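Per-entry structural report
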Amino acid sequence: MSTNVKENKMGYMPENKLLLSMSIPMMLSMLIQALYNIIDGLFVAGISTEQFELTAVNLAFPAQNLMIAVSVGIGVGLNALISRNLGIGNRKKANKIAGQGLFLALLSYILFAVIGTLLARPYFELMANDLNDVTAEDKIKIIDFGVTYLSICFIGSFGLFCQVAHEKFMQSTGKTILSMTTQMVGAIVNIILDPILIQGWFGIPSMGIAGAALATVIGQIISAIVGIILQQKKNKELNFTFEDVKPDRKIIGEIFNIGLPSILMNSIGSFMTAAFNTIIGGISGPAVNVFGIYFKLQSFVFMPVFGFNNGMISIISYNYGARKKKRVLRTIKLGLIYAVSMMLLGFVLFQVFPETFLAMFNIDQGIIDSIGIPALQTISISFIFAGFSIICSAVFQAFGFSLFSMFVSIGRQLVTLLPAAYFLALTCNGNVNNVWWAFPIAEVVCVILSLVFYWYIYKKKISTIQDNIS
């Protein structure tokens, strides 16, 4: 019993209780984040009846997602490496890894601040010019709104990178309630500031789409401040110093060995979204808004599953380092059960209530009937398969095979989804609803690849663990 008291809870707490205790806080914080995404969309959609601002934000999503991909990808590397070294008992290296995480966060911010300054307008000119059924004058408005929004988000992104790094520090030591607090504070601040800054409440001038971007940036900065305070005061398993922040090429290489595939995988998602917008935008301009709204809505389904994903990476990494095979396998089994169940629930909701969800965004009823409902009902078929692939991705990352996650993402999005969407667009005779079927088709391919890679990891890693538990 004395050993258990000294050991991190990830090594001895019953697996179901541990997984829930670590994942539920992250699920809640991600649900708050998903709620923010939806509320932000609702306020932006209400700025004007033409909804040029909503189109601009939807077109900005791939570029924003690229920034998030880098921050989360680095975080994946931090999470897995810190947890593994704590499992082994190498606390000194765990602290050094955390310090390198802060250095990479600063470097990433500088990169994206420069990108936001130089490339926001060329990006939007490229994206807006492909929109069908949109006049040249309206395209200029969409471009101007988009440049304003994206420039503010990129130039003010230091809060995002700092926030994500500190969240991963706390997740890696099993303190997910602290991580949840960090995320929730930022999201709640964002939700509160949205109407104040967008619409101009309490004597503050109405800032429109610039207000939406400022609310996002301010929320991220406050979240980062809370994360720093909680890390310093509450997370005693990590005590890194300024010396740990000085660049270490070897450890940075280790972080990117795990995190780079995740960055590339999520970056592929950004490219897919931008390319898919181009494909459907060439058929129907309103379809771009429908697709953007779908992404906001689906986050309510996927975010809780990613909460389990994040919790599992720490647990599996720790117990693999501690050579506890049974705990590794039980964690994977429980994660699959929970993830698949939640995705099935999401599928049912999207099948039954698509009109209700779409109507919240002030979309014309004709567009809801002709494009919106078919889009949500068709794309949500992919939910049936997605839960399995997400959990497999957690396993790949926890064992240091993040390249497998990237290969699955490439197979799903570049090799299958975009070619299928392009082919369906060519043969749809102007009916954009046929293109939505690319998502279920791609998800089936994703499951097949995930099964193959999981079997490889099981044979090479999991089956060879000499279990320390009787």
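Our subject is the structure that appears above.
The following paragraphs examine the structure supplied in this document.

What counts and how
- Residues numbered from 1 in each chain as written.
- Predicted model: local features only at pLDDT ≥ 70, side-chain atom pairs only at ≥ 80, totals over all residues.
- Heavy atoms only, no water.
- Helix = DSSP H or I, 4+ residues; strand = E, 2+ residues; numbered from the N terminus.
- Rg over C-alpha atoms; globule rule 2.2 N^0.38 Å.
- Buried < 20%, exposed > 50% of the residue type's maximum accessible area, 1.4 Å probe, protein only.
- Expected span 1.5 Å × (residues − 1).
- Bend = angle between axes of the 7 residues up to and from the residue.
- Patch = residues over 30% accessible without salt bridge, like charges linked within 9 Å, V, L, I, M, F, W, Y side chains within 5 Å.
- Areas by Shrake-Rupley, 256 points an atom, 1.4 Å probe, with all protein chains shown as cover.
- Salt bridge = Lys/Arg side-chain N within 4 Å of Asp/Glu carboxyl O.
- Axes fitted to C-alpha atoms, helices over the stretch in contact; angles between N-to-C directions.
- Parallel < 35°, antiparallel > 145°, perpendicular 65-115°, else oblique.
- Left-handed = near helix turned anticlockwise from the far one by under 90°.
- Contact = heavy atoms within 4.5 Å.
- Core = buried A, V, L, I, M, F, W, Y, C linked by side-chain atoms within 4.5 Å.

The next point concerns the overall build of the protein. The helix and strand inventory of the protein stands at 17 helices and 0 strands. Whereas a compact globule of 470 residues would reach a radius of gyration of roughly 23 Å, the protein reaches 22 Å, a difference of no more than 12%. The principal-axis extent of the C-alpha atoms belonging to the protein is close to 70 × 50 × 35 Å. Here the protein, with 470 residues, has 60% of them falling under the buried criterion.

An α-helical turn contains 3.6 residues, so a residue and the one three or four places further along point in the same direction. When the terminal C-alpha atoms of helix α16 (residues 402-426) are compared, their 35 Å separation across 25 residues agrees well with the 36 Å that a helix rising 1.5 Å per residue should span. Where α16 bends most, the angle comes to about 35°, and this point is leucine 417, followed within four residues by the proline proline 419.

Bringing a nonpolar patch on the surface into the picture now. A cluster of nonpolar side chains, Leu106, Ile110, Val114, Leu118 and Leu119, forms an exposed patch at the surface whose accessible area comes to about 480 Å². Checked against the element boundaries, isoleucine 110 lands in helix α4 (residues 91-128). Under the relative-accessibility criterion, isoleucine 110 is labelled partly exposed at 45%.

If you want to describe how two helices pack, look at the angle between their axes and the distance between the axes. Running from N to C, α16 and helix α17 (residues 438-460) cross one another at 160°; their axes reach a closest spacing of 9 Å. For the element pair α16 / α17, the angle class is roughly antiparallel. Where α16 crosses over α17, the two elements pack in a sense that is right-handed. Taken together, the residues of α17 that come into contact with α16 (itself represented by Phe404, Phe407, Val408, Gly411, Arg412, Thr416, Leu417, Ala420, Ala421 and Leu424) are Ala438, Phe439, Ile441, Ala442, Glu443, Val445, Cys446, Leu449, Ser450, Phe453, Tyr456 and Ile457.

Now for the packing of helix α6 (residues 158-172) against helix α8 (residues 209-234). Relative orientation of the contacting elements α6 and α8 amounts to 35°, with a least axis distance of 8 Å. Remark: the crossing between α6 and α8 carries left-handed chirality. Contacts between α6 and α8 involve Phe158, Gly159, Leu160, Cys162, Gln163, His166, Glu167, Phe169 and Met170 from the first element and Gln220, Ile221, Ser223, Ala224, Gly227, Ile228, Leu230 and Gln231 from the second.

This part covers the nonpolar core. With 133 residues, the main nonpolar core has Ile82, Phe276, Ile280, Tyr294, Phe399, Val435 and Trp436 as its most contacted residues. When residues in this core are grouped by element, the largest group, 18 residues, is from helix α11 (residues 285-321). For isoleucine 82, the residues in contact, after removing those within four places along its chain, are Ala94, Ile97, Ala98, Phe169, Ser172 and Leu238. Val189, Leu193, Leu197 and Ala215 belong to the second-largest nonpolar core, a separate cluster that totals 5 residues.

Let's shift gears to helix α7 (residues 176-200). With 25 residues, α7 should cover 36 Å at 1.5 Å per step; its first-to-last C-alpha distance of 36 Å lies within 8% of that length. In the structure, α7 departs most strongly from a straight axis at leucine 193, where the bend amounts to approximately 35° and where the proline proline 195 lies between one and four residues downstream. With its phi angle positive at about 55°, phenylalanine 202 sits one or two positions after the end of α7.

The next point concerns the pattern of salt bridges. For the structure shown, the criterion picks out 4 salt bridges. We note a salt bridge from glutamate 443 to arginine 412, for which the minimum N-O separation is 2.9 Å. Here arginine 412 lies in helix α16 and glutamate 443 lies in helix α17, a separation of 31 residues in the sequence. Neither glutamate 443 nor arginine 412 differs from the other in exposure class; each is buried.

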